[in-house]
Structure formats: structure tokens, C-alpha cells
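Secondary and tertiary structure notes
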Amino acid sequence: MNKQDFIDFLEKIPKTEIHIHIEAVITLASVAKLYKKRFNTEMNKDDMSSLFSYEDLNGFIQAFLKVQDLLISVDDFNLVFDDLCDYLVKNGITYCEAFFAPTAFLKKGFDYQQMISIFSKKIKEIKEKHNITVKLIMDVSRTFGLENAMKNYELLKEFPCDDIIGIGLGGAEIKGKAKDFAPVYEKAISDGYKVVAHAGEDVGPESIWDSINYLHSQRIGHGITAIQDEKLMNELSEKKIPLEICITSNTFTKKIVKQAKEHPAKIFFDRHIPITINTDDPVFFKTTLLDEFWICYSELGFSLDEIKTLIKNSFEYSFMPDDEKAVMIAKVDEMWNLD
């Protein structure tokens, strides 16, 4: 099957994405609009090229923070969610769990209640217009330390919102060991929130172990350094701890793999480790969910039946209610007609 036929077929199949950052779905056109509003001047090609040029994970994180800095008021999140909506529709995504990172905005003086009010308004619009469900996971962020992460969580607890279902730990792994954030995770678990963590993206498998043993993470974001630890791969397989795989993202950051065909996703899959396919940061890595599935098919050796399994995995290992998962998984089976 060629790429266009593959994309045409797959975009009609209901899908979910469970590892994506809301600020990183913003389009280049919206980046230019925000830049003009922020600096009262047009963004030229050199500015745009410089912003999206990086060679490692830390460089990407710096670019991510610069994009966050372009937002100067809570109203700018309307633009972010409009772009998120377009992305979800174009990729045939019916359910999404997206990260939002409040730290940079709180440091700029944004009001947390106003932010989540806009989030909820836009999420309701997306549901009403397109019947797409969006849930949010607060990235408490390892980049700024434990005290800041705890402050973020306290805001989540003080101002509960049905659209925010849990916490995650993003940022540069080398700047904060997962186990250091155990106090935040203990509170979140006690309060009934879902918990996930980026781990094994930029450092070794010890980060994944810590996320499992200290954070009790229900899913691992990326997790690709698990390939370096046979015992860990057995643990992930036996306990069915899912990995949120982001192939192009991992290729761009070049820590473990430098080209897509080197990615261990198929090895994990064949070892019966639950994996899901995601984009992480579409605008930064110039990809879409449909593109990621095409890479699985064209470069990593996944068959069409295995692509179907990957799609069903994303529903199975999402935080959707079980009855809704069953309905959506059955719908994937129903619509998977290659004739």
C-alpha cells in the first residue's frame, strides 16, 4: 500500500492520541500571529527557522519554552485550542489526552483559574462541534524542581476541573530524577488522579525503573531506553505497563536513535510490551499521528493487522472509562475494512 492510500484509509479509522503537548500543536501561522502580538513586528523566515532549529532534547525544550513565551495573555489559549481542534479532526482522532505545562505561564503572571476556564470552554466546543473528547494532564515539570511541581499540584487540587484527569512529569530528565518527585505523585495517587511520567527518553533505563517504583506511573512517556535492560523489558511486558511511543520525536532528539528505522518500537511490540503511537510535539517535529503510523508500516515492519492493534492499544491504555473503551475498540474493528 502506498502512503496516500494508507493515509486515506487510516484517517477514517477512529483513533486516540495520549502523548501530545497542547502548545506543540500550534501551527506556524499561529506562531507568527503570536510573535507579532508579542513583539509588535512581523516574524521573518530567519526568526522562524531559528526558533525551530535544535539538535538535542535540551535544545528542543528551549524552543518549546520560547513558544510558550509568545503567549502574553490567557486569551491566547483560544488560538492554541483552535489549532488542537484542527489537528484532531484532520487525523481522525476521537479521544485525546494532552499535556499542559502551567509553570511558564504562572511565572508570567497568568491566573490559573482563568486558564483552566478557557481550557474547559474550548474543550466543550470541540466536543459539541466534532464529538471529540479531550482530557488534560498537568505536566508538573521536573525542569523547575520539586517545590515548583508541588505548587502546580496544589493548584490542581485547589481548583478541581473535570477536564484535568491527572499529572505527568515532563522536561529534561537530566535536570530532575523521577524519584525526586515521589511526594507529588503520592499526593496525586491518594487524591485519585491518574499519573504518568516521561522517562527513558534522554537518560538510561534507571529513569523508567524510578518512574515505576517511586512514582507508580501508570504509563511511561517514550521509554525507549528500556531496550538497554532485558529485565526491564520483561517487567513492562509482564505487568503490562504501556509505553507512549513517539518515533519522530525520538529521532529528532537523537539521544537513542538517529533515524526512524533504528527505533525499538517493533522490538517492544514483539516482546508483548504494550505500546501506543503518538506525536509528542507535531509542529516542532513536523509530523502528524497519521505520519507516525505510516512510519510504523513503511519503515519499522508493522503489518496492517499490527497497525490495527496499535490503534486499539491507544484506546485500551487510555484513561477512558472501560465501557467507552469497549465501544471504541469495537468501532475500530467494525470500520477496518480493507476491501
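The text that follows walks through the structure, step by step, so that each part is easy to find. (Residues numbered from 1 in each chain as written. Predicted model: local features only at pLDDT ≥ 70, side-chain atom pairs only at ≥ 80, totals over all residues. Heavy atoms only, no water.)

Let's talk about the side chain of Ser-141
By the secondary structure assignment, Ser-141 is in the loop between strand E3 (133–139) and helix H8 (145–158). Judged by relative accessible area, Ser-141 falls into the buried class, the value being 6%. From its side chain, Ser-141 meets the backbone nitrogen of Thr-143 in a polar contact 3.3 Å long. Ser-141 has contacts with Thr-103, Ala-149, Gly-168, Leu-169, Gly-170 and Phe-181, leaving out every residue within four places of it along the chain. (Helix = DSSP H or I, 4+ residues; strand = E, 2+ residues; numbered from the N terminus. Buried < 20%, exposed > 50% of the residue type's maximum accessible area, 1.4 Å probe, protein only. Polar contact = N/O pair within 3.5 Å; in protein donor to acceptor, adjacent residues only side chain to side chain. Contact = heavy atoms within 4.5 Å.)

Observations concerning unusual backbone geometry
If you check the backbone angles, Asn-131 has positive phi at about 55 degrees while not being a glycine. Following the sequence through the fold, Asn-131 ends up in the loop between helix H7 (112–130) and E3. For Lys-240, which is not a glycine, the phi torsion comes out positive at approximately 55 degrees. Looking at the secondary structure, you find Lys-240 in the loop between helix H11 (230–238) and strand E7 (243–245).

What about the pairing of strand E1 (residues 15–21)?
A large share of E1 lies buried, amounting to seven of its seven residues. Note that E1 and strand E2 (residues 93–100) share five bridges and pair parallel. Bridge pairing in E2 links Lys-15 to Ile-93. (Pairing = 2+ DSSP bridges.)

What to know about H7
Along its 19 residues, H7 runs 27 Å from first to last C-alpha, staying within 8% of the 27 Å computed at 1.5 Å per residue. Turning to H7, its buried residues are Tyr-112, Met-115, Ile-116, Ile-118, Phe-119, Lys-122, Ile-123 and Ile-126. Relative to the axis of H7, the buried residues are bounded by an arc of 155 degrees and lie together on one face. Exposed side chains of H7 directed beyond 90 degrees from the buried face belong to Lys-124, Glu-128 and Lys-129. The distance from a side-chain oxygen at the start of H7 to the backbone nitrogen of Gln-113 is 3.1 Å, and the residue carrying that oxygen is Asp-111. The first or second residue beyond H7 is Asn-131, which carries a positive phi of 55 degrees. (Expected span 1.5 Å × (residues − 1). Arc of directions from axis to C-beta.)

A closer look at empty space enclosed by the protein
By the definition in use, this model includes one cavity of 30 Å³ or more. Roughly 270 Å³ of volume is contained in the largest cavity. In terms of lining residues, the largest cavity is bounded by 20 residues, among which Ile-61, Phe-64, Asp-139, Gly-170 and Gly-171 are the most central. Elements that contribute at least two residues to the lining of the largest cavity include exactly helix H4 (57–70) and helix H6 (103–107). Broken down by element, the lining of the largest cavity gets its largest block of residues, six residues, from H4. Partitioning the lining of the largest cavity into residue classes produces eight nonpolar, eight polar and four charged. (1 Å grid on protein atoms, 1.4 Å probe; cavity = no way out; pocket = protein on both sides within 12 Å on 5 of 7 lines; lining within 4 Å. Points joined across faces, edges and corners; volume = space filled by probe spheres on them. Nonpolar A, V, L, I, M, F, W, Y, C, P; charged D, E, K, R; others polar.)

Things to note about the pattern of salt bridges
If you walk through the whole model with that rule in mind, you get 18 salt bridges. With a shortest N-O distance of 2.8 Å, Glu-97 and Arg-219 are connected by a salt bridge. Taken together, the positions of Glu-97 in strand E2 and Arg-219 in strand E6 (residues 219–222) put the pair 122 residues apart, joining distant regions of the chain. Residues Glu-97 and Arg-219 agree in their burial class; the two are buried. Salt bridges sharing common partners tie together Arg-38, Asp-69 and Lys-108. (Salt bridge = Lys/Arg side-chain N within 4 Å of Asp/Glu carboxyl O.)

Looking at the packing of aromatic side chains
All chains considered together, the criterion is met by 23 aromatic pairs. The interplanar angle of 40 degrees and the centroid separation of 4.9 Å between the aromatic rings of Phe-60 and Phe-285 together place this pair among those described as tilted. Taken together, the residues Phe-60 in helix H4 and Phe-285 in helix H14 (residues 282–285) connect sequence positions 225 residues apart. Overall, the relative accessible area of 1% leaves Phe-285 in the buried class. Put simply, the rings of Phe-52, Tyr-54, Phe-60, Phe-64, Phe-252, Phe-284 and Phe-285 pair up and form one aromatic cluster. The ring of Phe-319 carries the charged tip of Arg-219 above its face, separated from the ring centre by 4.3 Å. Above the ring of Phe-302, the side-chain terminus of Lys-266 is found at 5.6 Å from the ring centroid. (Phe/Tyr/Trp six-rings, centres within 6.5 Å; stacked < 30°, edge-to-face > 60°. Lys NZ or Arg CZ within 6 Å of the ring centre and 35° of its normal.)

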